[in-house]
Amino acid sequence: MSRELAAFERPQVKGVLAGATGIYLAAETGLYELHDRQLREVPAWRGRPVQQVAAAAEGYLVLLEDDSGQTLHLCDSQWQPRRELPRPAGEKIKCLHAQAEHLLVGTKRGLYRLPLADTAQASDWQCLFRDSAGWGEVLWASSQQAEHIRASVKKLGAAAKPALIETHDAGVSWHVESLGDYQDLILAADERRLITRWKGCRERYTTSGYKKHPLTAGFLAGDRWAVLDGNKLEYQQEGHARVAFEHPLLAEAERLLPLEQGNVFLVAGVQGAYLVEPGHGRVTDLFGEAAGPAGLGKLKRIFELDDGVLLATATYGTFRSDDEGQTWQAADAEWAVLDAEHLMRSDDGRWWLGCQRALFVSDDNGRRWRYVKFKLAELPHYCELRGGLAVVGGQLFIATKTGLLVAPLASPERIARVAAFGEQAIEALFTDDERQLLLVGTHGAGQDRLWRYDPVEEQAQPLTAPGQVPVFESQIGGTLSACLIASGERLFRLACAGEGPVVLEEMMPQPQAGDYHIASDSQQRLLVWNERSAWRWHGGEEPLQALPDWPAGVRHACIRADGRSALTTDRRQLRTVSLPCLETAGHTAEKELMP
């Protein structure tokens, strides 16, 4: 059924609290209690952007977060705010946990503790753990007693590997259980087991094989465990048969809680909140049609497919429109939420969608998206496909965090690593319409470098010296002989025609105005923008041509097939913006595609 895109929006659920008095959901539209399989608002926090909640000795803790920052509140047993608590100076809070007399918060850089006394001041925060290598983001923290604290750290030490940290003396000393695999995050842990993103549930201090998909959520309690494995929910209780259930709405959810002796599960995350009943094959949308005001969630990417068909990827799903964005239909995808990074069309008419943790392909112009199940002998591959996609000589190339992968288009599941780049992080991948060579950007500790790669000869030629140009999370547009490279707040022009000299020039049309982004099309038309402005580039040594009246805050854009307009999203609204033609400058005009 076709509807306006706003009808599909759902609030993002940031946290779930299973307390002695009930189950509560922290969401961007407020705080909700799950009661009789329905959500009801907690009035004191209606319409507030609740990020995290925790149970305290005589009430609750609530963390709010909006564009102006974070505020931390101590509440009574009825969720009425008693007072605002100070936050650790210079830190962004990522998780909350309350002990009998203290508050623990995990931040981007460590673990902190504050006495829950009426006289507590900002100076009373105590740093219990901090990573000397500069990482140390704490994903969750728990404690059985004041002295015994356990926490999951996203990256730790010079190798930036995940770790479980544990103390039995209130932080005086720590035992660190480091994991050997990049991004194998610890989702849950108890005294004898842990659940990690890439290896699932296993005994501590042991190893196991890799899962086919990265896990997004895990639950451990006594003799029970549960995980979300791609679009599949698995539940196991010792002595009972394992339960497995698949549904597109489960993918990318980060909160999982078994209810009613494992017959019902609460699944929540960026896509909203759902009750899952595997025995009945039923998934119930807890927010339903009355999800709240317009503008919920994030409209992250907008693309144009063949024949003017539009594809939108959002936190609340993936959608297709064949009437210029007036109405939309949910795409038929194995994962409802496709966290897209790159879209590319191969000459056989198939569309390839590279997502954060998976690759999808459509052979019917975006109506259905099939998950590509990689078969790679040299595991791990980690499936972080942020660096780009390219097709050269009937082969599909995929840039990942642990190497450049290649597969024949006829059987994309059978991938292998490109030996020339080993397991280096590939943060940039580009080819032009000739599709003969690749431009590859490798990333690592001050050693970022651009290469020209010939797939026929299987040879890589360095184009820049180590550290000469940053490529982390970069974007490239233009041609192989002359292109633009955007990396954060820096923009470069690279000229490398044939065997001639390489020319690298930094272009700064508007310093200190946010990150630069690039969009290009099959005709080599190129659009550059940042937080406030946009430019067209005609290639070669041509200067950037400013575009007046560009909407502020654009996060993603694509150039329409006729080159006369661009589709843009600031993660809230979808707009089409008129562009001046290639030969003459003019004024842009924007049209809102959705209210």
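For the structure itself, look to the data block above.
Cut-offs used in this document
- Residues numbered from 1 in each chain as written.
- Predicted model: local features only at pLDDT ≥ 70, side-chain atom pairs only at ≥ 80, totals over all residues.
- Heavy atoms only, no water.
- Buried < 20%, exposed > 50% of the residue type's maximum accessible area, 1.4 Å probe, protein only.
- Helix = DSSP H or I, 4+ residues; strand = E, 2+ residues; numbered from the N terminus.
- Pairing = 2+ DSSP bridges.
- Axes fitted to C-alpha atoms, helices over the stretch in contact; angles between N-to-C directions.
- 1 Å grid on protein atoms, 1.4 Å probe; cavity = no way out; pocket = protein on both sides within 12 Å on 5 of 7 lines; lining within 4 Å.
- Points joined across faces, edges and corners; volume = space filled by probe spheres on them.
- Nonpolar A, V, L, I, M, F, W, Y, C, P; charged D, E, K, R; others polar.
- Salt bridge = Lys/Arg side-chain N within 4 Å of Asp/Glu carboxyl O.

### Considering the pairing of strand β2 (residues 22-27)
For step 1, the next point in the chain: For β2, the buried fraction is high: 6 of the 6 residues fall into the buried class.
For step 2, the next point in the chain: Where burial is concerned, the two faces of β2 agree: the one with Gly-22, Tyr-24 and Ala-26 and the one with Ile-23, Leu-25 and Ala-27 are both buried.
For step 3, the next point in the chain: The turn linking strand β1 (residues 13-19) back onto β2 is made up of 2 residues.
For step 4, the next point in the chain: One ladder, built from 5 bridges, connects β2 with strand β3 (residues 30-35); its direction is antiparallel. Its bridge partner being in β3, Tyr-24 is matched across the sheet by Glu-33.
For step 5, the next point in the chain: The hairpin turn running from β2 into β3, its antiparallel successor, is 2 residues long.

### Notes on the sheet that holds strand β41 (residues 425-430)
For step 1, the next point in the chain: The strand order across the open sheet built from 4 strands is β41-β42-β43-β44, with neighbouring strands paired in antiparallel fashion. The open sheet has two edge strands, β41 and β44 (459-462), and neither has a second partner. In this sheet, neighbouring strand axes are inclined to one another by 30° on average, regardless of whether the strands run parallel or antiparallel.
For step 2, the next point in the chain: One ladder, built from 5 bridges, connects strand β42 (residues 438-443) with strand β43 (residues 449-454); its direction is antiparallel. Paired with Val-440 across the two strands is Trp-451, which belongs to β43.

### Overview of empty space enclosed by the protein
For step 1, the next point in the chain: On inspection of all chains with the given rule, the structure shows 1 cavity of 30 Å³ or more.
For step 2, the next point in the chain: Estimated volume of the largest cavity: approximately 40 Å³.
For step 3, the next point in the chain: Ser-2, Arg-320, Ser-321, Asp-322, Asp-323, Thr-327, Trp-328 and Gln-329 together form the lining of the largest cavity.
For step 4, the next point in the chain: Residue classes in the lining of the largest cavity are distributed as 1 nonpolar, 4 polar and 3 charged.

### What about the pattern of salt bridges?
Side chains that differ in charge, positive against negative, can pair when their charged atoms come close.
For step 1, the next point in the chain: What the rule picks out here adds up to 37 salt bridges.
For step 2, the next point in the chain: Linking Asp-285 and Arg-10 is a salt bridge whose minimum nitrogen-to-oxygen distance equals 2.8 Å. Taken together, the residues span a long stretch of sequence, with Asp-285 in strand β27 (residues 282-285) and Arg-10 in the segment before β1 at a distance of 275 residues.
For step 3, the next point in the chain: Asp-332 is paired through a salt bridge with Arg-368; the nearest N and O atoms lie 3.2 Å apart. Taken together, the residues Asp-332 in strand β32 (residues 332-333) and Arg-368 in strand β36 (residues 368-371) connect sequence positions 36 residues apart.
For step 4, the next point in the chain: Members of the salt-bridge network, linked through shared partners, are Arg-150, Glu-166, Glu-177, Glu-191 and Arg-204.

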